[in-house]
Amino acid sequence: LLPLDLLARALPHLGQAPPTQVQMVQSRGSRGLRLAGAVATELSFPSSQVFTNCDYFPAEFSLVATIKIPRLRQKRNEYIFSVVEEGSDSLLLGLCVSENRLHFLVTPPGVGGRSRLSFKDVGLDDNRWHTVVLAVTGPYAMLTIDCGLPLELKQVQSFPSILSTRGSKFFIGSRRRLRGRFSGLLRQLVLLPGSDARPRLCPTSDPTLAELSVPQVLKSTPLKPDHHGPAYPYEAEARVTLGNPPPCSGPEDGQLWFNARRKDLLICDGLTWRTLLLSKERLDYVEDYQDLYTSSETFDVEVFSIPSEGLFMAAANR
């Protein structure tokens with residue numbers, strides 16, 4: 001079966017305006033999306049867009065997510081995604097993180113109540129990129145982080161063989177509410193029905209960014225955006241130096257550099273630093289908002305520089 005890119009389905013299509021509450025952020029050389037506004041339902045879509053021929057959630061599946069989470073406070077849960085019934089606002093299933101833990105929640109049909117499967121000491125909230133694979137088969141759930149050794153837990157109840165999603169919606173980065181909204185960066189969110197996704201991802205040269213399906217908008221460089229798609233507010237980590245340029249190669253693609261000596265702002269295109277904002281040249285010894293007086297009427301001026309000396313001005317007077 002083909003992987004279902006949940007993050008890409010929540011993003012606008014070609015020709016549509018970008019979501020106003022979503023920012024694109026580059027961190028450690030890779031880009032992700034962050035919910036930034038006061039609307040928790042910005043990234044959502046009906047479940048019928050995914051389950052077109054059958055309303056039931058697959059009984060066996062894998063979830064793949066690439067995330068970067070800041071340190072979380074105690075007793076704070078943040079949802080990577082959730083499936084919620086629109087009418088009753090009840091949670092069908094969800095994947096959320098808390099301090100050093102990952103939780104998978106599901107509400108089986110009937111009166112049994114919601115079940116929670118918690119993986120402890122996972123170390124995801126360390127402000128670094130991680131790729132997690134959660135594979136669920138019957139009563140077993142297996143978690144793999146950054147292509148490391150899998151951790152297997154056995155549930156008290158097997159994942160329901162019949163879990164109807166009719167009348168529900170996927171909410172990316174939230175549980176349809178502001179409380180519990182995901183505060184980190186989300187680069188990849190994929191549902192793979194019927195199989196374990198680990199063999200498709202591992203081994204890889206960079207397990208923290210193992211890729212199954214990443215939206216194209218997060219792959220393209222901000223210097224060469226897809227002009228057919230929406231333009232997202234862009235944010236990146238910046239380096240500040242006094243003139244010596246930092247390295248600029250593939251990992252730094254999209255990173256900003258502020259030259260404090262020249263007061264210029266540049267961006268790395270993967271090969272060289274390209275100027276975004278250039279500070280205006282100014283004359284030495286001339287203060288802002290003051291007049292410069294000459295001996296007579298001036299017809300023309302020329303500004304020039306002498307190496308190791310500075311910037312000068314010559315005036316043609318009457």
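Residues numbered from 1 in each chain as written. Predicted model: local features only at pLDDT ≥ 70, side-chain atom pairs only at ≥ 80, totals over all residues. Heavy atoms only, no water.

*Asks:* Where do I start with the nonpolar core in this structure?
*Replies:* Soluble globular proteins tend to bury their nonpolar side chains together. One finds I80, F104 and I172 to be the most contacted residues of the largest nonpolar core, which totals 49 residues. Beyond its immediate chain neighbours, meaning those up to four positions away, I80 contacts A65, I67, L95, C96, V97, L102, I172, G173, F182, L186 and L189. Judged by nonpolar contacts, the second largest core, of eight residues, contains V133, L192, L201 and L212. (Core = buried A, V, L, I, M, F, W, Y, C linked by side-chain atoms within 4.5 Å. Buried < 20%, exposed > 50% of the residue type's maximum accessible area, 1.4 Å probe, protein only. Contact = heavy atoms within 4.5 Å.)

*Asks:* I tried to follow the sheet that holds strand β4 (residues 44-46) on my own but got confused; where do I start?
*Replies:* Strands belonging to one sheet form pairs held by backbone hydrogen bonds; the direction of such a pair is parallel or antiparallel. Strand order in this open sheet of six strands is β4-β13-β6-β7-β8-β9, and the pairing throughout is antiparallel. The sheet terminates laterally at β4 and β9 (115-120), the two strands that pair on one side only. Sheet twist, expressed as the mean angle between neighbouring strand axes with direction ignored, is 10 degrees. (Pairing = 2+ DSSP bridges. Helix = DSSP H or I, 4+ residues; strand = E, 2+ residues; numbered from the N terminus. Axes fitted to C-alpha atoms, helices over the stretch in contact; angles between N-to-C directions.)

*Asks:* When you look at the pattern of salt bridges in this model, what are you seeing that I'm missing?
*Replies:* Per the counting criterion, the structure on display carries nine salt bridges. Notably, a salt bridge pairs R198 with D196, separated by 2.6 Å at the nearest N-O pair. R198 sits in the partly exposed class, given a relative accessible area of 24%. In the salt-bridge network here, residues are joined through shared partners; they are D89, R175, R176 and R177. (Salt bridge = Lys/Arg side-chain N within 4 Å of Asp/Glu carboxyl O.)

*Asks:* Sorry, what's going on with a nonpolar patch on the surface here?
*Replies:* Side chains of L292, V301, V303 and M313 sit close together on the surface and give an oily, nonpolar patch of about 330 Å² of accessible area. Relative to the helices and strands, M313 resides in strand β21 (residues 310-317). What makes M313 partly exposed here is its relative accessible area of 32%. (Patch = residues over 30% accessible without salt bridge, like charges linked within 9 Å, V, L, I, M, F, W, Y side chains within 5 Å. Areas by Shrake-Rupley, 256 points an atom, 1.4 Å probe, with all protein chains shown as cover.)

*Asks:* Can you walk me through the sheet that holds strand β16 (residues 238-241) in this structure?
*Replies:* Sheet architecture is open: four strands sit in the order β16-β17-β18-β19, paired in mixed fashion. Both outer strands of the open sheet, β16 and β19 (273-277), are each paired with one neighbouring strand and no more. Each strand axis lies, on average, 30 degrees off the axis of its neighbour in the sheet, ignoring direction. Two strands pair when backbone bridges link them, and strand β18 (residues 264-268) and β19 are joined in this way by four bridges, in the antiparallel orientation. Bridge pairing in β19 links C268 to W273.

*Asks:* I tried to follow the pairing of β18 on my own but got confused; where do I start?
*Replies:* On a regular strand, each side chain points to the face opposite its neighbour's, so the side chains alternate between the two faces of the sheet. Across the five residues that make up β18, a large majority, four, are buried. Judged from the four bridges that link them, strand β17 (residues 256-259) and β18 form a sheet pairing that is antiparallel. Opposite L256, over in β18, you have I267 as the bridge partner. Between β17 and β18, which follow one another and run antiparallel, lie four residues, and K263 among them has a positive phi close to 60 degrees.

*Asks:* Looking at this structure, how should I read the environment of R71?
*Replies:* With respect to the element layout, R71 can be found in the loop between β5 (60-68) and β6 (78-85). For R71, a relative accessible area of 63% puts it in the exposed group. Along the primary structure R71 and E99 are separated by 28 residues, whereas in three dimensions their C-alpha atoms are 7.4 Å apart. Residues in contact with R71, not counting those within four places in the same chain, are D125 and D126. A polar contact is formed between the side chain of R71 and the backbone oxygen of D125, at a distance of 3.2 Å. (Polar contact = N/O pair within 3.5 Å; in protein donor to acceptor, adjacent residues only side chain to side chain.)

*Asks:* Before we go on, may I ask you to explain the side chain of S82 in this structure?
*Replies:* Here S82 lies in strand β6. Here S82 falls in the buried class, since its relative accessible area comes to 0%.

*Asks:* I'm lost on empty space enclosed by the protein in this one. Help?
*Replies:* Under the definition given, this model contains two cavities of 30 Å³ or more. One number sums up the size of the largest cavity: a volume of about 70 Å³. In this structure, the largest cavity is lined by V22, L33, R34, L35, L43, I172, G173, F182, G184 and L186. Per-element tally for the lining of the largest cavity: the top contributor is strand β3 (residues 30-35), with three residues. Classifying every residue of the lining of the largest cavity gives seven nonpolar, two polar and one charged. The calculated volume of the second largest cavity comes to roughly 30 Å³. Every residue lining the second largest cavity is listed: T131, V133, T144, I145, D146, C147, L201, C202, P207 and A210. Residue composition of the lining of the second largest cavity, grouped by class: seven nonpolar, two polar and one charged. (1 Å grid on protein atoms, 1.4 Å probe; cavity = no way out; pocket = protein on both sides within 12 Å on 5 of 7 lines; lining within 4 Å. Points joined across faces, edges and corners; volume = space filled by probe spheres on them. Nonpolar A, V, L, I, M, F, W, Y, C, P; charged D, E, K, R; others polar.)

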